[in-house]
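Descriptive structure summary
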Amino acid sequence: MKIQAVELHRLAMPLVRPFETSFGRQVARDVLLVRVRTSVGDGWGECVAMADPVYSSEYVEGCASVIRDYLAPALIAAREVTAESVDALLRFAIGHRMAKAALETAVLDAQLRAEGRSFGAYLGAVRDAVDCGVSVGIATGIDELLTEVQSYVDAGYRRIKLKIKPGWDLEPVRAVRELIGPTLLQVDANTAYTEADIAHLGRLDEFGLLLIEQPFVEEDIATHILLSRAIETPVCLDESIVTTELAVDAIQRGATSIINIKAGRVGGYLEAVRIHDACAELGVPVWSGGMLETGVGRAANVALAALENFTLPGDTSASDRYFAEDLTEPFMLDNGQLRVPAGAGSGVDIRLDLVASLATREVVTVR
Ligand code: OSB
Ligand code: MG
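A brief look at the structure comes next. Note that the structure is a prediction, hence the values are computed from the model and not measured.

As for the coordination of the magnesium ion (ligand 2)
Bound to the magnesium ion (ligand 2) on the protein side are Asp188 (OD), Glu213 (OE) and Asp238 (OD), at distances that span 2.1 to 2.3 Å. Counting residues between consecutive donors of the magnesium ion (ligand 2) along the chain gives the motif D-x24-E-x24-D. Residue aspartate 188 is found in strand E7 (residues 184-188), and its partner aspartate 238 is found in the loop between strand E9 (235-237) and helix H9 (244-252); the two are separated by 50 residues along the sequence. In this structure, aspartate 188 and aspartate 238 share a single accessibility class: buried.

Remarks on the environment of arginine 159
Residue position: arginine 159 is located in strand E6 (residues 159-163). Arginine 159 sits 93 residues away from valine 66 along the chain, and the two C-alpha atoms are 37 Å apart. The contact partners of arginine 159, leaving out residues within four places of it in the chain, are Cys132, Gly133, Val134, Ser135, Leu184, Gln186, Leu210, Trp287, Pro313, Gly314 and Asp315. Polar side-chain contacts of arginine 159 include one of 2.4 Å to the side chain of aspartate 315.

Points about the nonpolar core
Within the largest apolar cluster, 125 residues are counted, with the highest numbers of intra-cluster contacts made by Val6, Ile67, Leu162, Leu204 and Ile259. When residues of this core are assigned to their parent elements, the largest contribution, ten residues, is made by helix H1 (residues 60-77). Looking at which domains feed residues into this core, each of domain 1 (3-116 + 352-366) and domain 2 (121-339) gives three or more. If sequence neighbours within four positions are ignored, isoleucine 67 has contacts with Val6, Leu8, Leu32, Val34, Ala72, Pro73, Ala99 and Leu103. Core analysis: the second largest hydrophobic core is formed by five residues, Cys236, Ile258, Trp287 and Leu312 among them.

Quick word on the packing of H1 against helix H2 (residues 83-90)
It is the contact of H1 with H2, at a shortest axis distance of 10 Å, that shows an interaxial angle of 125 degrees. When the interaxial angle is binned, H1 and H2 end up oblique. The hand of the H1/H2 crossing is right-handed. Where H1 approaches H2, its residues Leu71, Ala74 and Leu75 are matched on the opposing element by Val86, Leu89 and Leu90. For the contact of H1 with H2, the class distribution of residues is six nonpolar, no polar and no charged.

Cut-offs used in this document
- All chains use their own residue numbering, which begins from 1 and follows the written sequence.
- Chain A is the first chain written and ligand 1 is the first ligand written, with later ones labelled in order.
- At least 70 in pLDDT is required for a residue's local features to be given in this predicted model, at least 80 for side-chain atom pairs to be given and counted, and no such filter applies to totals for whole chains, interfaces and linings, which use all residues.
- Computation of side-chain values covers all heavy atoms of the structure but excludes hydrogens and water.
- Donor criterion used throughout: N, O or S atom within 2.8 Å of the metal, extended to 3.2 Å for Na, K and Ca. Water excluded; incomplete-looking sites may result.
- Only runs of H or I of at least four residues qualify as helices and only runs of E of at least two qualify as strands under DSSP, and these elements are numbered from the N terminus.
- Here the term buried applies to any residue with accessible area under 20% of the maximum for its type, exposed to any over 50%, and partly exposed to those in between, with areas from a 1.4 Å probe on protein chains only.
- Only heavy atoms matter for contacts: two residues are in contact if any of them lie within 4.5 Å across the pair.
- Two N or O atoms count as a polar contact when they lie within 3.5 Å, although within protein this holds only if one can serve as hydrogen donor and the other as acceptor, and sequence-adjacent residues are included solely when both atoms are side-chain atoms.
- Residue types Ala, Val, Leu, Ile, Met, Phe, Trp, Tyr and Cys, when buried and joined through side-chain atoms within 4.5 Å, form a set referred to as a nonpolar core.
- Residue ranges for the domains originate in an automatic or database domain assignment.
- Here, axes are lines fitted to C-alpha atoms. For helices the fit covers the stretch in contact, and angles between N-to-C directions go from 0 to 180 degrees.
- Orientation categories follow fixed angle ranges, with anything under 35 degrees roughly parallel, anything over 145 roughly antiparallel, 65 to 115 roughly perpendicular, and all other angles oblique.
- Each crossing is labelled by how the near helix is turned from the far one, with a counterclockwise turn of less than a right angle marking it left-handed and a clockwise turn marking it right-handed.
- Residue polarity is assigned by list, with Asp, Glu, Lys and Arg as charged and Ala, Val, Leu, Ile, Met, Phe, Trp, Tyr, Cys and Pro as nonpolar; anything else, Gly included, falls into the polar class.

Printed below as a string of C-alpha cells:
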C-alpha cells in the first residue's frame, strides 16, 4: 500500500476512578490515536504512552512529536508499505517503540481491513475469548481497596493484580488474600523496590501469589536474578522487556519465569508475537499487559491474548473498568472473559463523533 497521510488525534478520556501506581496518579487518559490514510483504506492505532515519562521514557507529547517529524514522513516517503516492512522503514530512529507500535498497528489495521481478515486470524489466535484479570491501583486505605476488589470479583474477573510499593504491600496483599480466597492474585511494583528489599519481598511468599511483576528498575536484570533465587513467588518482567532478545536473555539468566507482553512497549504486535513464540519455546508462560487503552488498543490486545502461550489472565479488562463511554463498542465481560473481535482489522468501529468531542488538540495531519 501507499501511505497518503498520517493523522494524529489527541483526546482526554476521564477514568471512572483514579488509578494510582508507584509512578503517580492518573485521573484521565491522555489518548493519542493514529489514523493512516492509505491506498487500500484507513487504519487506526492507539499509542500506549502515558502523559508523562514515568512508566518508560516515552510520553504522549514526545510520541506525537516523533511521529509527526520523523516516523510518519518516513512511511509517506516509502514507495510501498506493508505492516511487515514498517519496522525496517523506521529502524533509522532509535527507540521510540510506543510511537512506532502505534504506526505499525494502524498500517496493519488498514492492511487487514482491506483483506477482510481479523487481527486474531493474522496474529495466530487459537481461541475466541480470553480470560480477564484486573489491575487494581493503590487505594487510600484497606477498606476502600477491599470494596473495589470485591466489585471486580463480583463482576467475574478471574485474576486480581494489586499495585504495590514500599509501605503498601504486605498489609493490602494479606487483606485481599483473606477476602478472595483461592482466586488468582498477583502484584506489580513498577520498579519501586531495591536490592535492600529482597528479604522483605520474600515475605510475600506466604500469600501464594501467581507472580511479582517488575520490582526493580528496568535496566537492572541482576537484582531480579537475585530475587528469583531468594523467593518462591515467580518473578515476572514488564518494563525490562523491550525486545525478543532481551526476553530470551532475561529468561536464560534466571531473572524472570513469566513475561508480561505489551505490544506498545516492544514496538508493535509483530515483535509481541516473536516474544510470545520465543517464550513458548522456552516453556515460559506469557500474559497480556495493558496500558489503560481505549477500545481501539484493547481490541488488538484481546486478539494477541488469544495466542496459545497466553496462558495467564491478562490486564484485558472490560471497557467499564476504565471509562464510562469507550471510543468503540464497549468490551463487556462475559463469565470473566472478553470475546476476540472477529471483524476485519481490529474489528471495532471508531466513534468519530466521540473522538472529536473529547479532543484536546487540533488534528495534526502529516502528508
Ligand atoms: O505496569 O502494567 C503496568 C497501567 C499503565 C502503565 C503501566 C501498567 C498499567 C497497569 C494497568 O497495570 C493495566 C490495564 O489495566 O490496562
Ligand atoms: Mg506492570
